[in-house]
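Results of the structural survey
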Amino acid sequence: INSPFSKIQSDLGVEGTGYVSIVFDDKLYLGTNQGLFWKPWKKEENSLGQEKFKPVPDAQGQVWSLNPISNSVIVGQHTGASYLKGESIERFSNIEGTWKFVQLLLNPNLAIEGTYAGLYLYRNAASNNPNLEPDWKLEKKLEGFAESARVIEQDSDGNIWVSHAYKGLFKISLNDSLNQTKSISFYNTENGLPSNLFV
């Protein structure tokens, strides 16, 4: 009874293999290979209780990521990217296979979407009004890179690093305007990595 662990599974209303989770706006969201599920969540009480998780409508199927960006959460799915709207989602990208959505550190009005087949650039159309929720609009696919981009990180110089599950590591440098690929470098065991797998 004093265990710090709790199992969250089908008896609590969650179906499928667990991939991601986030606590946002006093709700716990769980993304699985079957969809997105939620329930109220307050830190100061036992929130698991008896109330079951509820499925988020129109969020069935693979949920790969839950990305907190500018006071909102972007849901990355097999079917594209959506805004999380409480107990529902609102789709804004139909590009198949949204692994991750990353706001650029050097310009928060731009974001990169990592997909099954490369990187896409988005611009926040609501950037001139800080009172509005972000309104991400697709600007373009970043040319020259068509690899699966599930694991993405940025460095302080604005370079985008993408780890490929079995090839190695890619470093994508953007131009000064951050809207085009300037160069792509590739690193694997020949460049000093201990393995090409799961870097």
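It should be emphasised that the depicted structure is a prediction, and the values quoted were computed from it without experimental measurement. (Residues numbered from 1 in each chain as written. Predicted model: local features only at pLDDT ≥ 70, side-chain atom pairs only at ≥ 80, totals over all residues. Heavy atoms only, no water.)

Secondary structure assignment for the protein yields 0 helices and 16 strands. The C-alpha radius of gyration computed for the protein amounts to 18 Å, which stays within 12% of the reference 16 Å derived for 199 residues, consistent with globular compactness. Overall size of the protein, expressed as C-alpha extent along the three principal axes, is 55 × 45 × 30 Å. If you take every contact in the protein between residues at least 6 apart in sequence, the share linking residues at least 24 apart comes to 39%. Of the roughly 11100 Å² that the protein leaves accessible, carbon and sulfur atoms contribute 47%. Charge centroids of the protein, computed over 18 positive and 22 negative side chains, lie 1 Å from each other. (Helix = DSSP H or I, 4+ residues; strand = E, 2+ residues; numbered from the N terminus. Rg over C-alpha atoms; globule rule 2.2 N^0.38 Å. Contact = heavy atoms within 4.5 Å. Areas by Shrake-Rupley, 256 points an atom, 1.4 Å probe, with all protein chains shown as cover. Lys, Arg positive; Asp, Glu negative; His and termini not counted. Charge placed at Lys NZ, Arg CZ, Asp CG, Glu CD.)

On to the packing of aromatic side chains, then. Aromatic ring pairs are described here by two measures, namely the spacing of the ring centres and the angle between the planes. Within this structure, the stated rule accounts for 11 aromatic pairs. Residues tyrosine 19 and tryptophan 64 carry aromatic rings whose centres are separated by 5.1 Å and whose planes lie at 20° to one another, so their mutual orientation is stacked. Taken together, the positions of tyrosine 19 in strand 1 (residues 18–24) and tryptophan 64 in strand 5 (residues 63–69) put the pair 45 residues apart, joining distant regions of the chain. A relative accessible area of 33% means that tyrosine 19 is categorised as partly exposed. Looking at lysine 141, its charged tip hangs above the ring of tyrosine 120, at a distance of 5.6 Å from the centre. (Phe/Tyr/Trp six-rings, centres within 6.5 Å; stacked < 30°, edge-to-face > 60°. Buried < 20%, exposed > 50% of the residue type's maximum accessible area, 1.4 Å probe, protein only. Lys NZ or Arg CZ within 6 Å of the ring centre and 35° of its normal.)

Right, let's talk about the nonpolar core for a bit. For soluble globular proteins, the rule of thumb is that nonpolar side chains tend to be buried together. Residues Leu119, Ile160, Val162 and Ile172 are the most contacted members of the largest nonpolar core, which totals 16 residues. Looking at this core element by element, the count peaks at 3 residues for strand 15 (residues 168–174). Sequence-distant contacts of isoleucine 160, defined by excluding residues within four places in its chain, comprise Leu104, Ile112, Leu119, Ile152, Glu153, Gln154, Phe170, Lys171, Ile172 and Leu174. (Core = buried A, V, L, I, M, F, W, Y, C linked by side-chain atoms within 4.5 Å.)

Spatial strand order, 5-6-7-8: 4 strands in an open sheet with antiparallel pairing. The open sheet has two free edges, formed respectively by strand 5 and strand 8 (88–93), since each of these has just one partner strand. With direction set aside, neighbouring strand axes in the sheet form an average angle of 30°. Of the pairings in the sheet, the one linking strand 7 (residues 80–85) to strand 8 comprises 5 bridges and is antiparallel in character. For alanine 81, the partnering residue across the bridge sits in strand 8 and is serine 93. (Pairing = 2+ DSSP bridges. Axes fitted to C-alpha atoms, helices over the stretch in contact; angles between N-to-C directions.)

So, on to the pattern of salt bridges. The final tally for this structure, using the stated rule, is 6 salt bridges. Among the salt bridges present, the one from arginine 123 reaches glutamate 139, with a minimum N-O distance of 2.8 Å. Linking arginine 123 in strand 11 (residues 118–124) with glutamate 139 in strand 12 (residues 136–141), this pair joins segments that are 16 residues apart in sequence. (Salt bridge = Lys/Arg side-chain N within 4 Å of Asp/Glu carboxyl O.)

This part is about the environment of glycine 80. If you trace the backbone, glycine 80 turns up in strand 7. Under the relative-accessibility criterion, glycine 80 is labelled buried at 0%. It is 35 Å that separates the C-alpha atoms of glycine 80 and glycine 192, two residues lying 112 residues apart in sequence. Discounting residues that sit within four places of it in the chain, glycine 80 has contacts with Val75, Arg91, Ser93, Ile95, Gly97 and Thr98.

Reading across the sheet, the 4 strands line up as 1-2-3-4 and stay open at both edges, with antiparallel pairing between neighbours. Two strands bound the open sheet, and with one partner strand each, they are strand 1 and strand 4 (54–60). Ignoring which end each strand starts from, the neighbouring axes of this sheet average 20° apart.

It is worth spelling out the environment of lysine 140 at this point. Tracing the sequence through the fold places lysine 140 in strand 12. Judged by its relative accessible area of 28%, lysine 140 falls in the partly exposed class. C-alpha of lysine 140 to C-alpha of glutamine 34: the two residues are 106 residues apart in sequence and 30 Å apart in space. Look past the residues within four positions of lysine 140 in its chain and what remains in contact with it is Tyr120, Leu121, Asn179 and Gln180.

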